[in-house]
Each structure stands twice: as C-alpha cells, then as structure tokens.
Amino acid sequence: MGEHRPQESAGSPGTVAPARIDIVGLTKRFLTPKGETFTAIRDVSLTVEPGEFCAIVGPTGCGKSTTLAQVSGLEHPSAGSVSVGGRLVDGVTNGVSYMFQSDSLFPWKTVLANVMMGPILLGTPKKEATELAMDWLRRVGLTGFEDRYPHQLSGGMRKRVSMAAALINNPRILLMDEPFGALDVQTKAIMQTELLQLWEDLRPSVLFITHDLDEAVALADKVVIMTSSPGTVKDVFDVDLPRPRGDVQQIRHEERFLEIQGRIWESLRDEVTRAYQQTAGAAA
Ligand SMILES: Nc1ncnc2c1ncn2[C@@H]1O[C@H](COP(=O)(O)OP(=O)(O)O)[C@@H](O)[C@H]1O
Ligand SMILES: [Mg+2]
C-alpha cells in the first residue's frame, strides 16, 4: 500500500498500471420532480491507493451508487472532483471496468462474444480477441460454455462471464456496485473467493460498493463507512488480514476477522438505524 507505480496512459491490455483514485469534496445534488434540490452525497473525500481494494459500505439510499457514478464519469459532480491516476475525471475514463448487480451482458450474444467485446472495442484483431477470451473463460472455469447464451447459464456462471468481461482488458480501475447482491449465500461466497484470486493476479485499484459488511471485510484492504443520507464519509478502517485471503467462507470464522468486523459494525450500526428511521418516517 502507498507504493507508487508508474502511471501510464491506459487503454490496451497488458500495459496498464493500477492508478490512484482521489475523491475530493464530492457533492451531488438532484432536482426532485417538485423542483426541490435533493442532496444525495455531501463532501465525500477518500483515496484509493494504486492496487488497493477499497470497499464502501453504507445503508441503502445513502449515496453509494451515486458516488460510484461520479467516479466512473457517467455523471458530473455538483461540487468537488474525482481524479484517476492524477487526471481529473471528465467523461468516461480509459482503463476503467465496471460490474453491477445486474449482469450487464448482451442477451443476444454468446458467452464468448460477450467476453470478446472489450478487446474488440479496443481494436484487437478478432483472432487475438478470441484467443484472449477463450483464455479468460478458462480462468473463470467456463471452458465448454463458449457458445451458450446468458439465459442458458446459472446466476453464478453469468457472474463469471461478467468478471471475465470486466477483467479481460486488464483495467487499472475496477468499479463494482453490489456485483454479488442478487446471488444466494453460497454462490456469493464462491464468487467472492474467485474475484479475489483474479484480483491478486492483476491488482487493479478497486472501488467495491456493498451494504454487506462481512463481504467488505473479507475482500477489502480498506473499508469506508458512509453515513445515512445525505451520504458522507463517516469512518475509514484498515483491514490488515493477510493476503492471499483464500476461501472467503473460511475467513469469516477467523477470530481476527470477527474482531475487525465487530469494530466496524459499531460505526455502521448507527447509520443503519438512522436510515431505517428515515424511511420508516417517510412511510408513516
Ligand atoms: N438520478 C436521480 N435523481 C434523483 N434522485 C436520485 C437519483 N439517483 C439517486 N437518487 C437518490 O439519491 C439517494 C442515493 O441513491 P443511491 O446512490 O442509489 O444510494 P445507494 O446506492 O447507497 O443505495 C437516494 O435517495 C436516491 O433516491
Ligand atoms: Mg446502490
């Protein structure tokens, strides 16, 4: 952590170094249908070091996805700034991959064609892109499923395709918004373990959003707790569990894990309670 690696201009696979993400005073306001201003996030500041795995945890509606949308360049902040590798984010940034809760696969394309998309869009010749995609399908355990369509796969298998598609371009930044949120508990643990293995190989900087504290602690080097709405950074915790972490299902029973998880939960609990009261109040 804190190690400086050379910055590169990103783009082509295999040549990309992870980049630092600097979020400074990020604020996002939306206009409500009534014409009022709604502040979704307020003065969010945090840094993800090159190659660091950072998780953001906060109650539903606190502004986690909004934060990620500003980092991705898909939205523009109302105030504050985001820099990736020292360069101000203004529009969609090079070398960034995403994974969302929905699989974001093209339903009319085969598994192979879905995974090939990234390299093809970067101008990789078809033969080379096919070989690369075949190799990635092997890495995520999907050899033999190249010609299937997404709807012919289980939820876990679709996640594997999404992971291959997200990583095949060797991104310097990986943005993940509750990517395993819709999976059953066992499949989720398997996918988390597989994600960690793939990440260990490539080491992009990761911003991983979740409302699941166990998931955050098992995966991340650093856990950022957001307050209830309007979200801002409440606390930042280092997770010094050794790497490689191995089987996520196992880590959760370790004493050190429970200790760290317990300490962070103290901070998160108040925000979850407050968020619940806010929404319960709105419904009353
Ligand atoms: N485009 C938008 N227009 C208006 N309000 C929005 C928009 N996007 C998000 N919000 C509001 O901002 C708040 C934070 O949303 P979001 O970032 O999705 O929360 P989280 O991901 O933490 O659950 C919510 O109250 C949501 O309704
Ligand atoms: Mg969200």
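Residues numbered from 1 in each chain as written. Chains lettered and ligands numbered in written order. Predicted model: local features only at pLDDT ≥ 70, side-chain atom pairs only at ≥ 80, totals over all residues. Heavy atoms only, no water.

(A) Structural view of the site of ligand 1. Close to ligand 1 lie Phe30, Phe38, Ala40, Pro59, Thr60, Gly61, Cys62, Gly63, Lys64, Ser65 and Thr66. At 2.7 Å, a backbone N or O of Gly61 approaches an oxygen atom of ligand 1. One nitrogen or oxygen atom from the main chain of Cys62 is found 3.2 Å from an oxygen atom belonging to ligand 1. The fraction of the free accessible surface of ligand 1 (560 Å²) that becomes covered by protein chains is 59%. For the shell around ligand 1, the secondary structure elements donating two or more residues are strand 2 (37–48) and helix 1 (64–72). Broken down by element, the residue count for the shell around ligand 1 peaks at three residues, all from helix 1. Across the shell around ligand 1, the residue classes break down as five nonpolar, five polar and one charged. (Near = heavy atom within 4 Å. Polar contact = N/O pair within 3.5 Å; in protein donor to acceptor, adjacent residues only side chain to side chain. Areas by Shrake-Rupley, 256 points an atom, 1.4 Å probe, with all protein chains shown as cover. Helix = DSSP H or I, 4+ residues; strand = E, 2+ residues; numbered from the N terminus. Nonpolar A, V, L, I, M, F, W, Y, C, P; charged D, E, K, R; others polar.)

(B) Molecular detail of the pairing of strand 4 (residues 79–84). Here strand 1 (residues 21–31) pairs with strand 4 via five bridges, running antiparallel. Bridge pairing in strand 4 links Ile23 to Val82. As paired strands, strand 4 and strand 5 (residues 87–88) are joined by two bridges and run antiparallel to one another. Within strand 5, the residue paired with Val84 across the bridge is Arg87. Taken together, strand 4 and the strand that follows it, strand 5, pair antiparallel across an intervening segment of two residues, in which Gly85 is found at a positive phi of about 55°. (Pairing = 2+ DSSP bridges.)

(C) Geometry of the nonpolar core. Phe53, Leu195 and Val223 are the most contacted members of the largest nonpolar core, which has 51 residues in total. A total of six residues in this core trace back to one element, the largest contributor, which is helix 4 (residues 155–167). Apart from residues no more than four positions distant in its own chain, Phe53 is found in contact with Leu195, Leu196, Trp199, Val206, Phe208, Leu219, Ala220, Asp221, Lys222 and Arg243. Among the nonpolar cores identified, the runner-up in size contains 23 residues, and Ile23, Leu68, Val89 and Ile173 belong to it. (Core = buried A, V, L, I, M, F, W, Y, C linked by side-chain atoms within 4.5 Å. Buried < 20%, exposed > 50% of the residue type's maximum accessible area, 1.4 Å probe, protein only. Contact = heavy atoms within 4.5 Å.)

(D) Fine view of the pairing of strand 2. Two strands pair when backbone bridges link them, and strand 1 and strand 2 are joined in this way by eight bridges, in the antiparallel orientation. Among the inter-strand pairings, Leu26 is bridged to a residue of strand 2, identified as Val44. Connecting the antiparallel pair strand 1 and strand 2 is a turn made up of five residues, with Gly35 showing a positive phi of about 90°.

(E) Summary view of the pattern of salt bridges. Applying the stated rule across the entire model yields 18 salt bridges. Here Asp212 makes a salt bridge to Lys188, at a shortest N to O gap of 2.8 Å. Here Lys188 lies in helix 5 (residues 185–202) and Asp212 lies in the loop between strand 8 (205–210) and helix 6 (213–219), a separation of 24 residues in the sequence. Here the two residues Asp212 and Lys188 agree in accessibility, since each one is buried. We note a salt bridge from Glu271 to Lys234, for which the minimum N-O separation is 3.0 Å. Residue Glu271 is found in helix 8 (residues 255–283), and its partner Lys234 is found in strand 10 (residues 233–238); the two are separated by 37 residues along the sequence. For Lys234, a relative accessible area of 28% puts it in the partly exposed group. Linked through salt bridges whose partners overlap, the residues forming this network are Lys234, Asp270, Glu271 and Arg274. (Salt bridge = Lys/Arg side-chain N within 4 Å of Asp/Glu carboxyl O.)

(F) Summary view of the packing of aromatic side chains. Overall, the coordinates contain five aromatic pairs when judged by the stated rule. When the ring of Phe53 is compared with that of Trp199, the centres are 5.3 Å apart and the planes differ by 80°; the resulting orientation is edge-to-face. Residue Phe53 is found in strand 3 (residues 53–57), and its partner Trp199 is found in helix 5; the two are separated by 146 residues along the sequence. A centroid spacing of 5.8 Å and a plane angle of 35° characterise the contact between Phe53 and Phe208, whose relative ring orientation is tilted. Highlighted residues: Phe53 in strand 3 and Phe208 in strand 8, separated in sequence by 155 residues. Residue Phe53 is classed as buried on the basis of its relative accessible area of 0%. Under the relative-accessibility criterion, Phe208 is labelled buried at 0%. Each member of the aromatic cluster is reached from another via a ring pair, and the members are Phe53, Phe180, Trp199 and Phe208. Over the ring of Trp136 we find Arg139; its NZ or CZ atom is 4.1 Å from the centre of that ring. (Phe/Tyr/Trp six-rings, centres within 6.5 Å; stacked < 30°, edge-to-face > 60°. Lys NZ or Arg CZ within 6 Å of the ring centre and 35° of its normal.)

(G) Representation of the confidence of the model for the chain within the structure. Looking at the chain, the pLDDT average stands at 91 and 93% of residues meet or exceed 70. Across residues 1–14, confidence stays below pLDDT 50; counting only partners more than four residues off in sequence or on other chains, it has 27 contacts. (pLDDT = per-residue confidence, 0-100.)

(H) View of helix 2 (residues 111–121). Every buried residue of helix 2 is listed here: Val111, Leu112, Asn114, Val115, Met116, Gly118 and Pro119. Tucked into the core, helix 2 has its buried residues touching helix 3 (126–139) and helix 4. Positive phi appears at Gly123, one or two residues downstream of helix 2, with a value of about 90°.

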